[in-house]
Amino acid sequence: MKKVIIVAAVLAFGLNAGAQSIDEILRSVEQNNKELQALGERGKADALDIEAQNNLEDPSVEYSPFFAKGVDGIATSELVVKQGFDFPTVYAARSKSGKLQKEVVDLGYQTSRCNILLSAKQLCLDLILLNQERELLEKRRKNAEELLTMYETRMKNGDATILEVNKVKMDRMNVQTEVTQNEVAHQTALQSLLALNGNMPLEFSLKDYPSGQALVDYEALYDKAVSSELTLRSARAEVKASAQEVKVNRQNWLPKLELGYRRNTDGSDASNGFMVGASFPLFSGRNKLKSAKARLQESTLQLDNVKVQTENNVRSQVNEMKQLRKAADTYDTALLNSTLDLLRKAVEGGELSLIDYYVEADAIYKNLQTQMQLENRYQKVLAELTKGDL
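Residues numbered from 1 in each chain as written. Predicted model: local features only at pLDDT ≥ 70, side-chain atom pairs only at ≥ 80, totals over all residues. Heavy atoms only, no water.

Engineer: Looking at this structure, I do not really get the sheet that holds strand S3 (residues 256–266). What am I missing?
Structural biologist: Strand pairing in a sheet takes place through backbone hydrogen bonds and is either antiparallel or parallel in direction. Strand order in the open sheet formed by 4 strands is S1-S2-S3-S4, and the pairing between neighbours is antiparallel. Each edge of the sheet is formed by a strand with only one pairing partner; in this case those strands are strand S1 (60–66) and strand S4 (269–279). For this sheet, the mean inter-axis angle between neighbouring strands, taken without regard to orientation, is 15 degrees. Across 7 bridges, S1 lies against strand S2 (residues 76–85) in antiparallel orientation. Directly across from Val61, in S2, lies its bridge partner Val81. (Pairing = 2+ DSSP bridges. Helix = DSSP H or I, 4+ residues; strand = E, 2+ residues; numbered from the N terminus. Axes fitted to C-alpha atoms, helices over the stretch in contact; angles between N-to-C directions.)

Engineer: Before we go on, may I ask you to explain the pairing of S2 in this structure?
Structural biologist: Consecutive residues of a regular strand have side chains that alternate between opposite faces of the sheet. Relative to S3, S2 runs antiparallel, the two being bridged by 10 bridges. Counted as the bridge partner of Val80 is Arg262 from S3.

Engineer: I'm lost on the packing of helix H7 (residues 230–249) against helix H8 (residues 288–329) in this one. Help?
Structural biologist: Relative placement of two packed helices is described by the angle separating their axes and the distance separating the axes. Contact pair H7 / H8: the axes reach a minimum separation of 9 Å and the direction vectors enclose 165 degrees. One element, H7, and the other, H8, form an angle in the roughly antiparallel class. Crossing geometry of H7 relative to H8 is assigned as left-handed. Residues Thr231, Leu232, Ala235, Arg236, Glu238, Val239, Ser242, Ala243, Glu245, Val246 and Asn249 of H7 lie in contact with H8, whose contacting residues are Lys288, Leu289, Ala292, Lys293, Arg295, Leu296, Ser299, Thr300, Leu303, Val306, Lys307 and Thr310. (Parallel < 35°, antiparallel > 145°, perpendicular 65-115°, else oblique. Left-handed = near helix turned anticlockwise from the far one by under 90°. Contact = heavy atoms within 4.5 Å.)

Engineer: What am I meant to see in the packing of aromatic side chains here?
Structural biologist: What characterises a pair of aromatic rings is the spacing of the ring centres plus the angle enclosed by the ring planes. Inspection of every chain in the model, using the stated rule, returns 1 aromatic pair. Aromatic pair Tyr357 and Tyr358: ring centres 5.3 Å apart, planes at 70 degrees, arrangement edge-to-face. One exposure class covers both Tyr357 and Tyr358, and it is buried. Cation over ring: Arg154 sits above Tyr151, and NZ or CZ is 5.0 Å from the ring centre. The side chain of Lys167 reaches across the aromatic face of Tyr358, ending 5.3 Å from its centre. (Phe/Tyr/Trp six-rings, centres within 6.5 Å; stacked < 30°, edge-to-face > 60°. Buried < 20%, exposed > 50% of the residue type's maximum accessible area, 1.4 Å probe, protein only. Lys NZ or Arg CZ within 6 Å of the ring centre and 35° of its normal.)

Engineer: Help me out: how do you make sense of helix H2 (residues 22–32) in this one?
Structural biologist: Working note: α-helix, 3.6 residues per turn, so residues spaced by three or four point in the same direction. Every buried residue of H2 is accounted for by Ile22, Ile25, Leu26, Ser28, Val29 and Asn32. Projection of H2 onto a plane perpendicular to its axis shows the buried side chains occupying an angular sector of 160 degrees, all on one side. The exposed residues of H2 that point more than 90 degrees off its buried face are Asp23, Arg27 and Gln31. In this structure, the buried side of H2 is in contact with helix H3 (34–52), helix H4 (88–156) and helix H5 (162–196). (Arc of directions from axis to C-beta.)

Engineer: What should I look at first to understand the pattern of salt bridges in this one?
Structural biologist: Oppositely charged side chains can form a pair if their charged atoms are brought close together. Under the definition given, this model contains 19 salt bridges. Close ionic contact of Glu30 with Arg113 constitutes a salt bridge, the shortest N to O distance being 2.8 Å. Placement of the pair is Glu30 in helix H2 and Arg113 in helix H4, with a sequence separation of 83 residues. On the basis of relative accessibility, which here comes to 34%, the residue Glu30 falls in the partly exposed class. A salt bridge links Arg344 to Glu348; its shortest N-O distance comes to 2.5 Å. Here Arg344 and its partner Glu348 are both found in helix H9 (residues 333–348), 4 residues apart, which amounts to about one turn of the helix. The class for Glu348 is partly exposed, based on a relative accessible area of 35%. Taken together, the shared-partner salt bridges connect Asp86, Arg94 and Lys256 into one network. (Salt bridge = Lys/Arg side-chain N within 4 Å of Asp/Glu carboxyl O.)

Engineer: It is not clear to me how the environment of Gly73 should be interpreted in this structure. Could you clarify?
Structural biologist: Within the secondary structure layout, Gly73 lies in the loop between S1 and S2. Judged by relative accessible area, which is 46%, Gly73 ranks as partly exposed. Sequence-wise, Gly73 and Asp171 are 98 residues apart; in three dimensions their C-alpha atoms are separated by 108 Å.

Engineer: Sorry, what's going on with a nonpolar patch on the surface here?
Structural biologist: Judged by side-chain polarity, Tyr63, Phe67 and Ile74 come together as a nonpolar surface patch covering roughly 360 Å² of accessible area. As for its position among the elements, Tyr63 is in strand S1. (Patch = residues over 30% accessible without salt bridge, like charges linked within 9 Å, V, L, I, M, F, W, Y side chains within 5 Å. Areas by Shrake-Rupley, 256 points an atom, 1.4 Å probe, with all protein chains shown as cover.)

Engineer: What exactly am I supposed to notice about the nonpolar core here?
Structural biologist: Within soluble globular proteins, side chains that are nonpolar tend to cluster in buried spots. Core analysis: the biggest nonpolar cluster contains 45 residues, and Leu147, Tyr151, Leu193 and Tyr357 have the highest contact counts within it. At the level of secondary structure, the elements contributing two or more residues to this core comprise H2, H4, H5, H9 and helix H10 (354–385). No other element matches the 16 residues that H4 contributes to this core. In terms of nonpolar packing, the next biggest core, distinct from the first, is built from 20 residues, Leu221, Leu232, Val306 and Val314 among them. (Core = buried A, V, L, I, M, F, W, Y, C linked by side-chain atoms within 4.5 Å.)

Engineer: Can you walk me through the packing of H4 against H7 in this structure?
Structural biologist: Relative orientation of the contacting elements H4 and H7 amounts to 165 degrees, with a least axis distance of 9 Å. Taken as axis vectors, H4 and H7 run roughly antiparallel relative to one another. Crossing of H4 against H7: the hand is left-handed. On the side of H4, the interface is formed by Ala93, Arg94, Lys96, Ser97, Leu100, Gln101, Glu103, Val104, Leu107, Gln110, Thr111 and Cys114, while H7 contributes Leu230, Thr231, Arg233, Ser234, Ala237, Glu238, Lys240, Ala241, Gln244, Glu245 and Val248. The residue makeup of the contact of H4 with H7, split by class, is 9 nonpolar, 7 polar and 7 charged. (Nonpolar A, V, L, I, M, F, W, Y, C, P; charged D, E, K, R; others polar.)

Structure follows, in C-alpha cells:
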C-alpha cells in the first residue's frame, strides 16, 4: 500500500510539475532529507554545549541561623553570597577555542551534507543511464516485433523457416526480460532517491547528462578537488582546535577567584563585609596539559594521514577519468546506429541472413550499451571530484 501511494504521488507530481533537473532534485533533497535535518539539530545542540563551557560559575547563597540557650528565636545569623570565576585570560582563550570547535562541528555537518547530496546525484546519474538503456531496449523490442511480423508473413509464403521465426521470438523474449530488469533497477534507484528526499514526491525523466562538464584541464580539477575536500578541511580545523585547547590548558595553573558579600547579625547588631578568595588548581589540572598535547599530536597525525589519502584518491580518480573519457570517445555512436539501420535494410532485402544479422546487431547493441556505461562511470567520477560544489 505504501509503495502504491508513493508511486501515485510521483505520477501526480509529474503531471503538475514536469521533469526536474538534477540541481532542483538536490535542492529538494537538502530541504527534505531527514538525516540532514537531524544533523542540523545536533549541530545546534553541540554549538550550545560548546558555548556553555565558557559560562560563569553559578552564584551561591548561604544563610546560617544560630540558636542559643536563653535566647528566643535566632540568636545570631550569617548570610554569604559568593560568585566564583576563572582568571579573565582563561575566558578569552576558551572563547577562541569555542569558535574553533564550532568550526569543526560545522565542517562535520557540511561533510555529511556533501555525502548525502553526492549519493543523490549519483542516483540521478544512474537513472539517466537506465533511461538511456530503456530507450535502446525499446528500439530493440520494436525492431524484434517488426521482424517477427515480417518473418511470419514470409513463412506463410514459404520464404522463411520455422527456425528463423523462432529465432526472432527468442530475441523478443530476451529483450523483454532486459526491459523488465531495467524497470526493476529504475524503480529501485528511484525509490532510493525518494528515501533521500524524505519520501517526498519526485519525477525523473532525464536522458542526457548535464551540459558544460567537458573538463579538459585535469590538473586544475585535481587541485580544486584536493583544496575543497571537506574531510581534509575538517582535519585541519581539528588541528587548530586542538592547538588552541593546549593554550587553554596551559593556563590551568592560574587560580580561580571568588568575590562575595557576608552579613553577620548578633541580636540587634549587624556587620557587613566583602569576601575575596582564590582556589589553586594543585590537583584538578594535573595531566590535563599532557592530555591536550597528546590530542594535538593525534590530530596532526590524522591530518597527515587524511592528506595522503585524499591526494592519492583524487589522483586515482583523475587518472580514471582520463581513461574513461578516452575509452568512451572511441565509440562512434552515430556510426553504430547507422550500421544498425543498414543491417535492417539488408536483412529485409534478403542480402543478409537472419543469423548473420543477429550476430552483427548484437555486437553493435553491446557496444552501444558499453559506451553508455563508460559515460555513466565518467560522470559519476566527475561528480565525486566536484562534490565540493554541491
